[in-house]
Amino acid sequence: MAKKISSLVCRQLEKAARAAAKQSYSPYSEFPVGAAVLAASGQIYVGCNVENASYGLCNCAERTAIFTAAAAGERRILAVAVFTPTAQPTSPCGACRQVINEFGPTALVISVCASTARHETTLDRLLPGAFGPDALA
Ligand code: THU
């Protein structure tokens, strides 16, 4: 079951995701994205998209944030907020859904954008029937 996250913490995550987009390295797409992850410890980790001249190596903001959390020792993710510079909220790409699933199979996923529109869902709704760590146990 997804853990209830207060609206105050949700707003903090959204703000952190918006701020993280300012660090985006996206000279090719010119599409700055920011993400913020709430770990079970209560700590928030942020990330941005980091592109590469070898386009296939571009890393999304969500994965940057999750890998940063994992590198800090976190193993459980409760929520992810993502900011895209769009008029309407967008949801994480397939690769990021799979990476979120590893640490937060029922995580809350909040999408915010350049307008005040926002969208909330959960990872299991975005990636039903996911292949995860249990499959290898
Ligand atoms: N991108 C993200 O970082 N997260 C998303 O949720 C959507 C896409 C990045 C990848 C690439 O650097 C740029 O946005 C355009 O696709």
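Residues numbered from 1 in each chain as written. Predicted model: local features only at pLDDT ≥ 70, side-chain atom pairs only at ≥ 80, totals over all residues. Heavy atoms only, no water.

Let's shift gears to the pairing of strand β5 (residues 118-122). On a regular strand, one side chain projects to one face of the sheet and the next to the other, so that they alternate. Note: strand β4 (residues 108-112) against β5, five bridges, orientation antiparallel. Note on β5: the bridge partner recorded for Val 109 is Thr 121. Connecting β4 to the next strand, β5, in antiparallel fashion are five residues. (Pairing = 2+ DSSP bridges. Helix = DSSP H or I, 4+ residues; strand = E, 2+ residues; numbered from the N terminus.)

The next point concerns the site of the ligand. Around the ligand, the neighbouring residues are Ser 29, Phe 31, Val 33, Asn 49, Glu 51, Cys 60, Ala 61, Glu 62 and Pro 92. Within the side chain of Asn 49, a nitrogen or oxygen atom sits 2.9 Å from an oxygen atom of the ligand. Interatomic distance of 2.5 Å between a side-chain N/O atom of Glu 51 and an oxygen atom of the ligand. Considering the ligand on its own, with 370 Å² of exposed area, one finds that the protein chains cover 77% of that surface. Here the residues of the shell around the ligand sort into five nonpolar, two polar and two charged. (Near = heavy atom within 4 Å. Polar contact = N/O pair within 3.5 Å; in protein donor to acceptor, adjacent residues only side chain to side chain. Areas by Shrake-Rupley, 256 points an atom, 1.4 Å probe, with all protein chains shown as cover. Nonpolar A, V, L, I, M, F, W, Y, C, P; charged D, E, K, R; others polar.)

Moving on, we get to the state of the cysteines. Counted by the stated rule, this structure contains zero disulfides. With no disulfide partner, Cys 48 has as its closest neighbouring cysteine sulfur the one in Cys 60, 11 Å distant. With no disulfide of its own, Cys 113 lies closest to Cys 10 among cysteine sulfurs, the gap being 16 Å. (Disulfide = S-S within 2.5 Å.)

Moving on, we come to the pattern of salt bridges. Considering all chains together, one arrives at three salt bridges under this definition. The salt bridge partner of Glu 14 is Arg 11, with a shortest N-O separation of 3.3 Å. Highlighted residues: Glu 14 and Arg 11, both in helix α1 (residues 7-20), separated by three residues, approximately one helical turn. One network of salt bridges, with partners in common, ties together Arg 11, Glu 14, Arg 118 and Glu 120. (Salt bridge = Lys/Arg side-chain N within 4 Å of Asp/Glu carboxyl O.)

The next thing to look at is the side chain of Glu 51. Assignment of secondary structure puts Glu 51 in the loop between β2 (44-48) and α2 (61-71). Despite its burial, Glu 51 pairs with no opposite charge; the closest candidate is Arg 63, at 10 Å N-O. Polar contacts involving the side chain of Glu 51 include one to the main-chain amide nitrogen of Tyr 28, which spans 3.1 Å. Each residue touching Glu 51, except ones within four places of it in the same chain, is listed here: Tyr 25, Ser 26, Pro 27, Tyr 28, Ser 29 and Cys 58. (Buried < 20%, exposed > 50% of the residue type's maximum accessible area, 1.4 Å probe, protein only. Lys, Arg positive; Asp, Glu negative; His and termini not counted. Contact = heavy atoms within 4.5 Å.)

We now examine the packing of aromatic side chains. In the structure shown here, the tally under the stated rule is one aromatic pair. Aromatic side chains Tyr 28 and Tyr 55 sit 5.4 Å apart centroid to centroid with 45 degrees between the ring planes, which places their arrangement in the tilted category. You can see Tyr 28 sitting in the loop between α1 and β1 (34-39) and its partner Tyr 55 sitting in the loop between β2 and α2, a full 27 residues away along the chain. Overall, the relative accessible area of 39% leaves Tyr 28 in the partly exposed class. (Phe/Tyr/Trp six-rings, centres within 6.5 Å; stacked < 30°, edge-to-face > 60°.)

Glancing now at the pairing of β2. Two strands pair when backbone bridges link them, and β1 and β2 are joined in this way by five bridges, in the antiparallel orientation. Across the sheet, the residue bridging to Gly 34 is Cys 48, located in β2. Where β1 folds back on β2, the antiparallel hairpin that results is connected by four residues, among which Gly 42 adopts a positive phi of roughly 100 degrees.

Another aspect to go through is α1. Given a rise of 1.5 Å per residue, 14 residues ought to cover 20 Å, and the 20 Å separating the end C-alpha atoms of α1 matches this to within 8%. The complete set of buried residues in α1 reads Cys 10, Leu 13, Glu 14, Ala 16, Ala 17 and Ala 20. Along the axis of α1, the buried residues cluster in a sector spanning 160 degrees; they form a single face. α1 presents Ser 7, Leu 8 and Lys 15 as exposed residues on the side facing more than 90 degrees away from its buried surface. On its buried side, α1 packs onto β1, β2, β3 (77-83), β4 and β5. (Expected span 1.5 Å × (residues − 1). Arc of directions from axis to C-beta.)

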